[in-house]
Amino acid sequence: MNRLKTKFLGKEFKNPMVTSSGCFGFGLEYKDYFDPNVLGGIVVKGITMEPRDGNYGTRIAETPGGMLNCVGLENPGIDYFEDVIVKNIKASGIESPIIVNINGKVIEEYVEIAKRVEQIPEVDMIELNISCPNVKDGGMAFGAKPEVAGAVTKAVREVTTKPLIVKLSPNVTDIVHIAKVVEENGADAVSLINTLLGMAIDIKKRKPVLGNTFGGFSGPAVKPVALRMVYQVYQNVNIPIVGMGGISSTEDAIEFMMAGATMVSLGTGLFTNPVLPVEIKAGLEKFCEENNLENIGEIIGAAHCK
């Protein structure tokens, strides 16, 4: 009996673990450490219309309890993804559902890339990254304003039949309001949280460490913030949640599920422990056995029960 089997957006996952976009490459990079099919699903590196080299200068900096990154969505673009990467993923024997994270500078780019991904049968779901800077709105992230978050979600929803997950930014005043708006505009699920905005300074050079000055802050230190946001969003939406933010152990994954996450996403934790999914899978199985659970889904939202 598979006690970890999880139904998510009409698809059956072997377990509730997926990867965080940008932390697992295109599903093949960790094959020397474990079989990618250990995972319930794979969220691949973010894709844009055109190839991107990413930001210049220092892109990653270690910080107490986590890391900063300003990689800048480096990726080979949708053409190469269609022609080469998708074929490599399937040829490698990966059977877990594939979720593609899509990004754009304007709504029209999101729509165009969603249309392209819609035509790729190997892709099971789309994750819409609304933390990208909207060049038509002075560089402010699509997810920073409820009306813009709603507009891009609606536009993408209209051009794809694939399940649509909207990835929320924590760098907002009220993430609950944003979650409700994207739900109203067609999101099938939400994933949260994306990275917090942070920075580091080199005191010898008296300059920011990162080439882009600011970067995304992730890792164990963000977990309490992420957990709180998942808990709040669960109370206010009727769609499932993919919880992420500092998950580095079985206990962390269980906390996110009890806060309301149907799925849990592993990101920065993979850098310090490449076999983390194997350990969490075993830990979840043990937890089910010790607590007489028929299925791990029984704990979803458990922390909300009086």
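Remember, predicted model here, so these are calculated numbers, not experimental data. (Residues numbered from 1 in each chain as written. Predicted model: local features only at pLDDT ≥ 70, side-chain atom pairs only at ≥ 80, totals over all residues. Heavy atoms only, no water.)

Participant: What exactly am I supposed to notice about the sheet that holds strand β11 (residues 196-198) here?
Facilitator: In a beta sheet, neighbouring strands pair by backbone hydrogen bonds and run either parallel or antiparallel. Read across the sheet, 4 strands follow the order β5-β6-β14-β11 without closing on themselves; strand pairing throughout is antiparallel. Every interior strand has two partners, whereas the edge strands, β5 (60-63) and β11, have only one. On average, each strand axis in the sheet is inclined to that of its neighbour by 35 degrees, with strand direction left out of account. Summarising the sheet, β5 and strand β6 (residues 66-69) pair through 4 bridges and their orientation is antiparallel. Paired with Thr 63 across the two strands is Gly 66, which belongs to β6. (Pairing = 2+ DSSP bridges. Helix = DSSP H or I, 4+ residues; strand = E, 2+ residues; numbered from the N terminus. Axes fitted to C-alpha atoms, helices over the stretch in contact; angles between N-to-C directions.)

Participant: Honestly, the packing of aromatic side chains in this entry has me stumped. Any pointers?
Facilitator: Any aromatic ring pair is given by two values, namely how distant the centres are and how the planes are angled relative to each other. This model, assessed by the stated rule, comprises 7 aromatic pairs. Judged by centre distance (5.8 Å) and plane angle (70 degrees), the rings of Phe 8 and Phe 13 are edge-to-face. For the pair Phe 8 and Phe 13, one class covers both residues: buried. Where Phe 24 meets Tyr 30, the ring centres are 4.8 Å apart and the plane angle is 15 degrees; that geometry is what we call stacked. Judged by its relative accessible area of 0%, Phe 24 falls in the buried class. The structure contains a cluster of three or more aromatic residues connected by ring pairs, namely Phe 24, Tyr 30, Tyr 33 and Phe 34. (Phe/Tyr/Trp six-rings, centres within 6.5 Å; stacked < 30°, edge-to-face > 60°. Buried < 20%, exposed > 50% of the residue type's maximum accessible area, 1.4 Å probe, protein only.)

Participant: Is there a simple way to think about the sheet that holds strand β7 (residues 98-102) in this case?
Facilitator: Taken together, 8 strands build an open sheet; the order of strands is β3-β16-β15-β10-β9-β8-β7-β4 and the sheet is parallel. The sheet terminates laterally at β3 (17-19) and β4 (42-47), the two strands that pair on one side only. Shown here is a sheet whose adjacent strand axes are inclined to one another by a mean of 25 degrees, direction ignored. Where β7 meets strand β8 (residues 125-129), 4 bridges bridge the pair, whose relative direction is parallel. Paired with Ile 102 across the two strands is Leu 128, which belongs to β8. Contacts between helix α1 (residues 77-91) and the sheet are confined to β4 and β7, with β4 contributing the most and set at about 160 degrees to the helix. (Contact = heavy atoms within 4.5 Å.)

Participant: What is the right way to look at the nonpolar core in this model?
Facilitator: Note on soluble globular proteins: their nonpolar side chains tend to be buried together. Judged by nonpolar contacts, the single largest core of 82 residues is most densely connected at Phe 81, Ile 130, Leu 168 and Leu 192. Sequence-distant contacts of Leu 192, that is, excluding residues within four places in its chain, are made with Leu 168, Ile 175, Met 229, Val 230, Val 233, Ile 241, Val 242, Gly 243 and Met 244. With 11 residues, the next largest nonpolar core counts Ile 99, Met 125, Ile 165 and Met 263 among its residues. (Core = buried A, V, L, I, M, F, W, Y, C linked by side-chain atoms within 4.5 Å.)

Participant: What is the right way to look at the packing of helix α2 (residues 107-118) against helix α3 (residues 146-157) in this model?
Facilitator: A packed helix pair is summarised by two numbers, namely the angle formed by the two axes and the spacing between the axes. Here α2 crosses α3 at 30 degrees, and the two axes come no closer than 9 Å. Overall, the two elements α2 and α3 adopt an arrangement that is roughly parallel. Crossing of α2 over α3 shows right-handed handedness. For the pair α2 and α3, the contacting residues are Ile 107, Tyr 110, Val 111 and Ala 114 in the first and Ala 151, Val 152, Ala 155 and Val 156 in the second. (Parallel < 35°, antiparallel > 145°, perpendicular 65-115°, else oblique. Left-handed = near helix turned anticlockwise from the far one by under 90°.)

Participant: Teacher, can you tell me more about the side chain of Asn 129 here?
Facilitator: On the secondary structure map, Asn 129 appears in strand β8. The class of Asn 129 is buried, set by a relative accessible area of 8%. Here Asn 194 takes part through its side chain, which lies 3.4 Å from a polar atom of the side chain of Asn 129. Those residues in contact with Asn 129, other than ones at most four positions away along the chain, are Asn 101, Ile 102, Asn 103, Tyr 110, Lys 167 and Asn 194. (Polar contact = N/O pair within 3.5 Å; in protein donor to acceptor, adjacent residues only side chain to side chain.)

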